[in-house]
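Now for the letters of each chain:
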Amino acid sequence: MKSTGKVIGIVSNLVTVETTGPVAENELCHIRLGGTDLLAEVIKVTGNRASVQVFESTRGLRNGDSVEFLGKMLEATLGPGLLESSYDGLQNDLTTMEGVFLKRGEYTDPLDHKKIWDFTPLAKPGDTVCAADWLGSVKEGWLDHKIMVPFSFKGTYTVKEVAPAGQYNIDHVIAVLKDEEGADVNVTMVQKWPVKVAIKGYKEKPRPQKIMETGVRVIDSFNPIAEGGTGFIPGPFGCGKTVLQHAIAKQGECDIVVMAACGERANEVVEIFTEYPELIDPHTGRKLIERTVIICNTSNMPVAAREASVYTAMTICEYYRAMGHRCLLLADSTSRWAQALREMSNRMEELPGADAFPVDLSAIISNFYARAGMVVLNNGQTGSVTFIGTVSPAGGNLKEPVTEGTKKAARCFYALEQNRADQKRYPAVNPIDSYSKYLEYPEIQAFLEQKFERGWVEKVLKAKNLVRRGKEMADQINILGDDGVPMSYHETFWKSELIDFAFLQQDAFDAIDAVCPLERQKFMLNLILGICDRSFEFEDYEKCREYFKKVINCLRQMNYSEWQSESFNSYREQLNQLLS
Ligand code: ADP
Ligand code: MG
């Protein structure tokens, strides 16, 4: 029997309910308001009192209004048709709303029940299966969308029937399974899963083995992110977080992209809807949106719904991972998510942690990041969820709790720096503070050496070191003056500038420079390190500066020219002349 209750307290979206029976943390409930049901989630239970956060406006709600607990948690609806969709955190379809907001208490269906899919069976009668095993497949765009044994099924089942190849809608029973007691269970193409619980249904989660190519030099060469890895991009407003994330979304080597836009300013959300559908996928030449799901918070949404969006996005990624796909989850910005947590915890008058965030903020962030990863499925194939979140620390203060908590959880750190952004050194990723812990993994090192060349990791470390020394030299020159330091200081400084200008900086809006394939990255870094290996012995620092400016200019022109084209080669010749 489901529990019921009545409203006894209201603080904005936080409602206190006196309950008649047991309720569970994260359980959903309906609060009856007039003729509609407001959806809410239990966030705290003490005795016969439950604190619930309502996903909509609570205007007009009164003490004594009745509450019905639903006996289930907030769930995502999973099935063919997720791709190309735009949802809010509760998976309401934003495209069908066309700017008109839902009425209170109304929810749209996330999937189209009429659409017909081309089904191919993958299992046969007599097979023994368990949760997440593949029963069949439909074509979603050009991707294989596997129809799986629902993740909630426990134990093993025997396949009794599988629908023959044919055209069905998502509600069609595509398989009948027999459970361990011999009872029949029907499986359709749709299943539900509670968003705050990680989807299991895989054999193991090994350490990452490969990198995910992004075409961004400062990432792939300097701080590579693993396929199934985690990274974060902190940076003050206007430093290029969104531009960098969009570049990764466009260029990242993956099958599926899920963009979670969490409560950023409204105009940015509009930008996503207008720009994103136009983007062309450089891997396939098709529209990027065909393999993308957008989860978006409209600014009129209460905090609770904002908090749900990152979980819904992660759940959709895990769903596609279980089909053997490589998924990329991008959340912009996770700070808004943390702020939603803070608002709720403050309203509950919990003992606050640092900066009034909940005391367990760091654990919440870590648990979320831990859901990413590369997995080996029951059938031996692999799938992955790579997660990159942005953080917008107030005032660019990297010591604030969300940045610190995320730093513990994520393995790549791409620190965007105001100073670099001001100098238009884009992407403004600080080359000294940023890191990728994957560079230290032997598996990844071996992969890089094979993908780039032998000795690659050492080369990267050498380049990083030169950049660091260049910074030290710049400080010395600043203090002692151009004439107060030995010539070698100038030379080292300019070598580091060479790496910065010709390699680390990359124009996200240049047709050619926006995407830099690994082969080209390797060529450029070798070329640059070759120059850095020389010792020049300039007569004076002016000559040194003049010379390096010419070299930098030439190399940048190469970056903007089609790889190995005529113009590229002519700049290469120019460079050879400069160097001889
Ligand atoms: P944030 O999301 O951190 O507030 P944005 O991503 O919106 O910042 O970037 C702000 C501006 O910085 C962009 O509109 C663009 O002009 C510039 N910018 C950022 N990254 C690059 C880049 N890689 N190449 C060229 N311009 C960039
Ligand atoms: Mg932004």
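Residues numbered from 1 in each chain as written. Chains lettered and ligands numbered in written order. Predicted model: local features only at pLDDT ≥ 70, side-chain atom pairs only at ≥ 80, totals over all residues. Heavy atoms only, no water.

(A) Structural view of the overall build of the chain. Secondary structure summary: the chain contains 15 helices and 25 strands in total. Over its C-alpha trace the chain gives a radius of gyration of 27 Å, about what one expects of a compact globule, namely 25 Å for 580 residues. With the C-alpha coordinates aligned to their principal axes, the bounding extent of the chain is approximately 90 × 55 × 40 Å. In the chain, buried positions account for 54% of the 580 residues. Long-range pairs, those at least 24 residues apart, make up 69% of the contacts in the chain with a sequence separation of at least 6. Just so you have it, the chain exposes about 24,600 Å², and 49% of that area is on carbon and sulfur atoms. (Helix = DSSP H or I, 4+ residues; strand = E, 2+ residues; numbered from the N terminus. Rg over C-alpha atoms; globule rule 2.2 N^0.38 Å. Buried < 20%, exposed > 50% of the residue type's maximum accessible area, 1.4 Å probe, protein only. Contact = heavy atoms within 4.5 Å. Areas by Shrake-Rupley, 256 points an atom, 1.4 Å probe, with all protein chains shown as cover.)

(B) The pattern of salt bridges, seen in detail. As enumerated under the stated definition, the model contains 27 salt bridges in all. Between Arg217 and Asp513 there is a salt bridge, with the nearest N and O atoms lying 3.1 Å from each other. You can see Arg217 sitting in helix H2 (residues 217-222) and its partner Asp513 sitting in the loop between helix H12 (487-504) and helix H13 (518-533), a full 296 residues away along the chain. Residue class for Arg217 comes out buried when judged on its relative accessible area of 0%. (Salt bridge = Lys/Arg side-chain N within 4 Å of Asp/Glu carboxyl O.)

(C) The arrangement of the sheet that holds strand E1 (residues 4-11) in detail. What the six strands build is a closed barrel, ordered E1-E2-E5-E4-E3-E6; its pairing is antiparallel. Across this sheet, the average inter-strand angle for adjacent strands is 45 degrees, counted without regard to direction. (Pairing = 2+ DSSP bridges. Axes fitted to C-alpha atoms, helices over the stretch in contact; angles between N-to-C directions.)

(D) Layout of the nonpolar core. Counting residues in hydrophobic clusters, the biggest one holds 85 residues, and the most contacted among them are Leu135, Ile174 and Leu177. Broken down by element, this core gets its largest block of residues, 11 residues, from helix H5 (residues 303-321). In this view, Ile174 contacts Phe119, Leu135, Ile147, Glu161, Val162, Ala163, Tyr168, Val187, Thr188 and Met189; residues no more than four positions away in its chain are not counted. (Core = buried A, V, L, I, M, F, W, Y, C linked by side-chain atoms within 4.5 Å.)

(E) Up close: H5. Along its 19 residues, H5 runs 28 Å from first to last C-alpha, staying within 8% of the 27 Å computed at 1.5 Å per residue. With 19 of its 19 residues buried, H5 lies for the most part within the structure. (Expected span 1.5 Å × (residues − 1).)

(F) Spotlight on the site of ligand 1. Among the 14 residues in the neighbourhood of ligand 1, the closest are listed as Gly238, Gly240, Lys241, Thr242 and Val243. One of the side-chain nitrogen or oxygen atoms of Lys241 is found 2.8 Å away from an oxygen atom of ligand 1. With respect to ligand 1, the side chain of Tyr426 contributes an N or O atom lying 3.3 Å from an oxygen atom. Protein chains shield 75% of the accessible area of ligand 1, which is 570 Å² for the free molecule. The class makeup of the residues in the shell around ligand 1 is eight nonpolar, four polar and two charged. (Near = heavy atom within 4 Å. Polar contact = N/O pair within 3.5 Å; in protein donor to acceptor, adjacent residues only side chain to side chain. Nonpolar A, V, L, I, M, F, W, Y, C, P; charged D, E, K, R; others polar.)

Shape descriptors only; they carry no functional weight alone.
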